[in-house]
Structure formats: C-alpha cells, structure tokens
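Architecture and fold: a report
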Amino acid sequence: MTEPVETRVADGVATITLDNPPVNALSAGLRAGALAAIERALADPAVAVIVLAAAGRTWPAGADIREFGRPPQAPSLPELCNAIAASPKPVIAALHGTALGGGLELALAARCRLAEAGTRLGLPEVTLGILPGAGGTQRLPRLIGAREALAMMTGGVPVTAARAAEIGLVDRITEGAVLPAAEALARDHAAGRADLPLAPARAAGGADPADYLAAITEARAALAARPAPHLPAPGRIVDCVEAALLLPEDEGMAYERAAFEELVASPEAAALRHAFLAERRAARQPDLAGVSPRKLERVGVVGGGLMGAGIATAMLSGGLTVTLVERDATALAAGLSRIATIHERAVARGQMTAEAREADWGRVHGATEIGALAGTDLVIEAVFEDEAVKIALFADLDRVLRPGAILATNTSYLDINRIAAATARPEDVIGLHFFSPAHVMKLLEIVVADQTAADVTATAFALARRIGKTAVRAGVCDGFIGNRILTAYRTATDFLLEDGASPYQIDRAMVGFGFPLGPYQVLDMAGLEISWARRKRLAPLRDPARRYVAIGDRLCKAGWIGQKAGRGYYRYPEGARQGVEDPEVLALIAAEREAKGIVPRAVSAAEIRRRALAAMANEGVRILEEGIARCPSDIDLVLLAGYGFPRWRGGPMHSADRAGLLQVRNDLRAFAREEELFWRPADLWDELIRNGRHFADLNGA
Ligand code: 3HC
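Bear in mind the structure is a predicted one, so any value in this text is a computation, not a measurement. (Residues numbered from 1 in each chain as written. Predicted model: local features only at pLDDT ≥ 70, side-chain atom pairs only at ≥ 80, totals over all residues. Heavy atoms only, no water.)

Strand order across the open sheet formed by 3 strands is β5-β7-β8, with mixed pairing between neighbours. The outermost strands of the open sheet, each flanked by one partner alone, are β5 (98-100) and β8 (159-160). By the bridge criterion, 2 bridges tie strand β7 (residues 120-122) to β8 in an arrangement that is antiparallel. When the sheet's bridge partners are listed, leucine 121 is paired in β8 with valine 159. Relative to the sheet, helix α3 (residues 102-109) contacts β5 and β7, its axis offset from that of β5 by approximately 85 degrees. (Pairing = 2+ DSSP bridges. Helix = DSSP H or I, 4+ residues; strand = E, 2+ residues; numbered from the N terminus. Contact = heavy atoms within 4.5 Å. Axes fitted to C-alpha atoms, helices over the stretch in contact; angles between N-to-C directions.)

See the structure below:
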C-alpha cells in the first residue's frame, strides 16, 4: 500500500500531511503512516514542533467505518492519539473541512488546534450507535467541560468553527488557509515567540467537580426523558464522561475502550453502520459515471395539493425557481397558500430565517395554464393518481415543453412506461416519487423507465442531492420498491387481523419493534380510500385463488376512511389526532371472520413481527429478482427513509440477515402451508442459503 502520509521539515518544524482521499478516514494504512511520521519527527533533532495537517477536502472525518466488525489492525487509533498526546515536542493540529469522530479525537490529542473558518467539528459516533473510542470522552470534557462535551457527544451534531472557538475546542480560527498559519505559529513557538496552547482549557484544573457532576445528572435525566427506544450509546457516553472525572486518565481511557468495544459489537451499531453505508451506496451510480446532468434552474410543478405544494417547497429549498400550475385561480391560490403556510411554520419553529423565506417566495410563480411551463427545465406532475389523467397531461406537456426538458411523474404505482409512451420523447420521462409531506420526508424514489436517458437519471440524482433528499433508484412495476413492500407488509398483517389479532395489537407490536406508527395508524392517517382505490383498480387482475381480506373495504364502505372522517380503524373523537380503540371495528372484524368460517386464534406480538418482517423481506427478494432494486441495501434504505422502519434495525433485508436466511426461509415455508401464493419463498433464498451467502454479500462495496 502506498504511504498516505507526507512529511516536510523546515525551520525546526515538521509538517506531517495525511492524504487518504476522499475524507481522510483513519484507515489502518493512514494510522500506521501517521504514527511512523510522528516517531521520525520525534527522533529528528532538527524538529522542535510538529504540525499535523490533512490534504484534500478535509481533516480526517473519522475512523474508517468499513473497518468496524473486522479484526483490528495495529496501530489502533487510541495508540496513535496517545502517541500524539504524549509527544514531548508540541503538536499543532491544522483543521479544515469536517473534523469528525476519530478525526476530532486526533485533534484533541494535540497540544493546540487551529481551524479554517468553514470547518465543522463534531463527534457523531452516537449516530452510529457507538461512542468516541479514541480518548474523546476523556479529553473533550477535560478541555471544554462536561456540559458542552456531553451536548456534543450525545447529540452528535457538529459545531461551526466559531462555536468551537467559543467553547474552547479550537484555539484560533485562521483568516485564510490553516496550514501556513499553523506553520507560522509552529516557527514562532520554536523560536520562543509564542506559548502553546494559545487558549487555556476551559475545564482542566479549574473545573468545579460539583458542576461537572450536576451536568452528568442532568444528562442522565434528559436521556431518560427521551422517547423510547433507549439505545445504549448515549447512556454509555455519560458513563464515560463520569469516568473522566472519577478515574485516573489511563483507567478512564480503558473504561472508554471497553464501552466502545461493547457498543461496536452490538446489533444496533451494525444496523446503523449498514444504514450509513447504504446511503452512500445508493448515491453511487457506476453506470452514470461521466454522464453530465442536464441544466436545472427552472422547475414546474403541476398540482398544488398537499403533495404538489410540498414538492414545490422542496424545490425552492434547493434554490430552484418554481412555477406552480393549477387548474383555476381558486385552486392556485390554495396551492400557493399551502407553500406560504409551510414557510411560516418553518420560520416560527426557527428552521428558516425570514430572509430565506423572502428569497424562496421571490422564486415562486403561479399559473393556470400549462403554457406557462414552456421555459422550464423540468416539470413534475403531482395530479390525481389516475392513469388517464396523467397520460393526457403528459401529452399536453410534450407539446408545450422545450426540447431537452425533463417530464417527471410523481405517481406512486402507475406504469411510467405507459405514461412515457404518451409523449414523443420517452427518453425525457422519469418517475420522481416523493413521500408526503414532500418538503419533510427524506426519501425520493427515482424510477427509471425503459427508455429514460442516462443524463435524465443523472439529473434526477443531482436534483436529489441539491434538495437534500435520499435518492434510491427503482425500476418500473406496480408500487416500485417502497409501496410494494408496504403492500406485502399490510397483506401479512391483514391475514393476522382475520386470523385473530386486533388492529390495536398489531400496531402495538410494530411500534414495539420501533416503527413510529403501526400499519393501521398509518392507514388512518393517510386515508383508507387511497389503498381501496388501488385494490379496486387491481381487482380485475387478482388471482381468485389468492386469499383476500376485505376488512379495509368494509370500513371504506361504511365511510370510516380514517382520521379525516373522525373514524377508521380507530375513533378520533372531536378531531383528536390520537385515536382510541373502536369496539365497532372489532365487531366488524369478528363478523368478517364468522362469514369466512375463521375461528379466531391467539396471536403473539412476536408472531406479528416475525410474519410482518418475513413478508417484507420476501417481497424484497422478489423485487431484487425482477431487477426493480439494484441491491438489498437500496431496499433497506427505502424503508428507513420513507416508511418509518427503525434505522437501528437496519431495514427488512438487514433484519433477515441478522435473523438468519435459513430461519426466515423456513418461516416462509411454514406460512406458505396456509397461503401458498403469498408466502412462497422466492428462489433467491435457496440460492443464497446453499452458497452460505447473505443479502449483505449482494451489496457490493
Ligand atoms: N469511514 C469510511 N468511509 C467514509 C467515512 C468514514 N468515517 N466517511 C465518509 N466516508 C466515505 C463515504 O462512504 C463516501 O464513499 P464513496 O465515495 O465511496 O461513496 C465518501 O467518503 C464521501 O462521503 P460522502 O458521500 O458522505 O461525502 P459528503 O461530502 O456528503 O460528506 C462527511 C462528508 C460529512 C465526512 C460524511 O461522509 C460523514 O458524515 N462521514 C461520517 C463521519 C463520521 O460518522 N465519523 C465518525 C466515524 S466513527 C469514529 O470515528 C469512531 C472513533 O471514535 C473511534
């Protein structure tokens, strides 16, 4: 392996530059190179001061996440940090970019820290289910005090350089590039013209132990008040910060290390790592390498309902100019007022400045004719979910839009190839499936139709990045990735409903698993009529041999279509948002069972979860086999970013890997004895099991 570290010695100063693109992750090679360079500088009599810097876009952004879960390779990051901390020659850390995780711990081991103005500094380990494991929990509170240190480590949110200077995390912010400033300081120190560190630590020595302990008590209380689930990492961080006060430094370090080792091996941390890597993988599209996205500045949104207004708001947040089109002046005014309300709420909550709102509002235009879209680069339709309506609209858009403009549909289920065929330019047509509310929900399914041009797909990914969405590529089929899995999930729970479970019991079981809402709570919120319309659309295609649960249809026929009607699976007395259980719904379900001759049986929460997860994973396998998703982690990401699947469980495919493919396949086989058509395990299960492989093996790098 090439040495990713370079050393230059001049005027008594050794400048050691780490160079491991793209983010200088502290891989084994980089650690070994850095340690060797430090040792050489210590042995070199010409060196009095060491400057540690990083090449490229950033100071190390952390330990190398890909190394977790593999056998450790020497030297460890704590060894490297300890060598820096113990160095008899002062080490100055020259920070720029994102000094995160192990990267910030490396800087904490130095005698002092300089940072460029745009640097962000943080310890985001908690978002990966772990804690800073290279001395961070010990050195940070000693430097900046327990209260600030706990906020940074349990929150995981990076701070700006200005804030870091305020709390004493960096000694100085440099006007321009950090390296020349750090080298000048090093020369001054070598010549006896400057003392190091520049700023005294806020907490060292003078720290008030009573205040320190109070900060710990407060942090414990705040964690206990957080909504469940209570993942272990934040609590262990507090324990480590307490240890920093109560134990000698080397024992505190050992305490931190043990906690780190324990957390890094936990299933929650494995799932969170998987989610992190899944996000990066989904953004990488090897077949689009070298394909330039089309220009994107002016966007049209057709339809100003909840979805259209949300999409328009998301576009504005990315600095795009938006023309919103509605069928008449009243509907247009309602659409624009929806955008204004979203902005108002964001300003009231402090999520947006008044200036940003003005700037966004200055870029919205309204129109009642699609002719107004003639000059746009992209149009997204968010009209009624009806194929004939969408096909007619696309034919009109085709006539109006300039050559090269992209036509996107926000359909959740419909066949985009058929919509594209309504135009003379199917290569410019793509699916952009947003999730409601579109300005909030992270997920964007990019649905690539048969004839979609590569640069149109590349533009969709560039757009997603610009508006801060998590984009996942999908192929055309009924429901794409997410809604197909959702349908399988609901089918499995509907079977259980008919077999003996109540909707409330099912919701509790899935909330207990970690979903924010159970499937019937979600249905009530979204409106039962949406899935009913879909069932009616698909009724002519349904295999009569398939088991069909009609409970949802019965509720719709009774007008119990969810929250907005005051009742669905739950009742919402006087517009309450939290539903209460409804005996009439239970009676309706009981009548349905009786009509089908089903004798209700007891169903446990464990069985509900087991069946729900098996159904999701089995549908995921079918989606993979059909080439609708590129890899299992894309499926997981869709569920995590768009459907409330708990991130710390990693998604249905990761969950199946953890449960064991043989176990899940055997469950599917057992369930298939009751209902072959739905539960039959897809072929890939056997192929993977035979070859000792897992879904993770299909993800690639
Ligand atoms: N380890 C390994 N690879 C990493 C990495 C890490 N810590 N951080 C980023 N990368 C990789 C990404 O996978 C991606 O790879 P790819 O190009 O092959 O897809 C590449 O670097 C670029 O990353 P992004 O696409 O995320 O680039 P952005 O510019 O959008 O973001 C970033 C850069 C802010 C640094 C972001 O990548 C990030 O937040 N990284 C993770 C930071 C982190 O969590 N650090 C703590 C790690 S745990 C730790 O340090 C433990 C220690 O206490 C012992």
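Right, let's get into the sheet that holds strand β9 (residues 172-174). An order of β1-β2-β3-β4-β6-β9 is seen for the 6 strands of this open sheet, with the pairing classed as mixed. The sheet is open, and its two borders are formed by β1 (5-10) and β9, each paired with just one other strand. Geometrically, the sheet is characterised by an average inter-axis angle of 20 degrees between neighbouring strands, direction not taken into account. Pairing of strand β3 (residues 49-54) with strand β4 (residues 91-95), which is carried by 3 bridges, proceeds in the parallel orientation. Residue pairing for β4: leucine 52 is matched across the bridge by alanine 93. The strands touched by helix α7 (residues 178-190) within the sheet are β1, β2 (13-18), β3, β4, β6 (112-116) and β9, with β3 carrying the most contacts at an inclination of about 175 degrees.

Below, the discussion takes up the domain arrangement of the protein. By a frequent convention, interface size equals the accessible area lost on bringing the separate parts together. In terms of domains, the protein is made up of domain 1 (5-265), domain 2 (293-474) and domain 3 (482-698). Between domain 1 and domain 2, the C-alpha centre-to-centre distance is 43 Å. (Domains from an automatic or database assignment.)

To continue, consider the packing of helix α8 (residues 209-225) against helix α9 (residues 232-246). Their axes nearest at 10 Å, the elements α8 and α9 cross at an angle of 170 degrees. Our classification of the angle between α8 and α9 gives roughly antiparallel. Note on element contacts: α9 touches α8 through Pro234, Gly235, Val238, Asp239, Val241, Glu242, Ala244 and Leu245, opposite Pro209, Tyr212, Leu213, Ile216, Ala219, Arg220 and Leu223. Residue classes in the contact of α8 with α9 are distributed as 11 nonpolar, 1 polar and 3 charged. (Parallel < 35°, antiparallel > 145°, perpendicular 65-115°, else oblique. Nonpolar A, V, L, I, M, F, W, Y, C, P; charged D, E, K, R; others polar.)

Below, the discussion takes up unusual backbone geometry. With glycine set apart, most residues show a phi of negative sign, and most peptide bonds adopt trans. The omega torsion of the bond from proline 21 to proline 22 falls at 0 degrees, within 30 degrees of zero and hence cis. Tracing the chain through its elements places proline 22 in the loop between β2 and α1 (28-43). The residue after serine 436, namely proline 437, is reached through a cis peptide bond having omega -5 degrees. Relative to the assigned elements, proline 437 resides in the loop between β15 (429-434) and β16 (443-448).

This part takes up the site of the ligand. Taken together, the neighbourhood of the ligand is formed by 27 residues, with Arg57, Gly102, Glu105, Glu125 and Arg284 sitting nearest. For the ligand, an oxygen atom lies 2.6 Å from a polar atom in the side chain of arginine 57. For the ligand, whose unbound accessible area comes to 990 Å², protein coverage reaches 80%. If you list the elements that add at least two residues to the shell around the ligand, you get β5, α3 and α11 (267-283). (Near = heavy atom within 4 Å. Polar contact = N/O pair within 3.5 Å; in protein donor to acceptor, adjacent residues only side chain to side chain. Areas by Shrake-Rupley, 256 points an atom, 1.4 Å probe, with all protein chains shown as cover.)

Next up on the list: the side chain of aspartate 657. Structurally, aspartate 657 is set in helix α26 (residues 652-659). Notably, aspartate 657 is buried but unbridged: the nearest opposite-charge side chain belongs to arginine 658, and the N-O separation is 8.8 Å. Other than its neighbours up to four places away in sequence, aspartate 657 contacts His694, Phe695 and Ala696. (Buried < 20%, exposed > 50% of the residue type's maximum accessible area, 1.4 Å probe, protein only. Lys, Arg positive; Asp, Glu negative; His and termini not counted. Salt bridge = Lys/Arg side-chain N within 4 Å of Asp/Glu carboxyl O.)

So, on to the nonpolar core. Grouped together as the largest cluster of nonpolar side chains are 94 residues, with contacts concentrated most on Leu397, Ile481, Tyr569, Met616, Trp679 and Trp685. Counting residues per element, this core draws most heavily on helix α24 (residues 605-625), at 10 residues. The two domains that each donate at least three residues to this core are domain 2 (293-474) and domain 3 (482-698). In contact with tryptophan 685, other than residues within four places in its own chain, are Ala617, Asn618, Val621, Ala656, Leu661, Val664, Arg665, Leu668 and Phe695. (Core = buried A, V, L, I, M, F, W, Y, C linked by side-chain atoms within 4.5 Å.)

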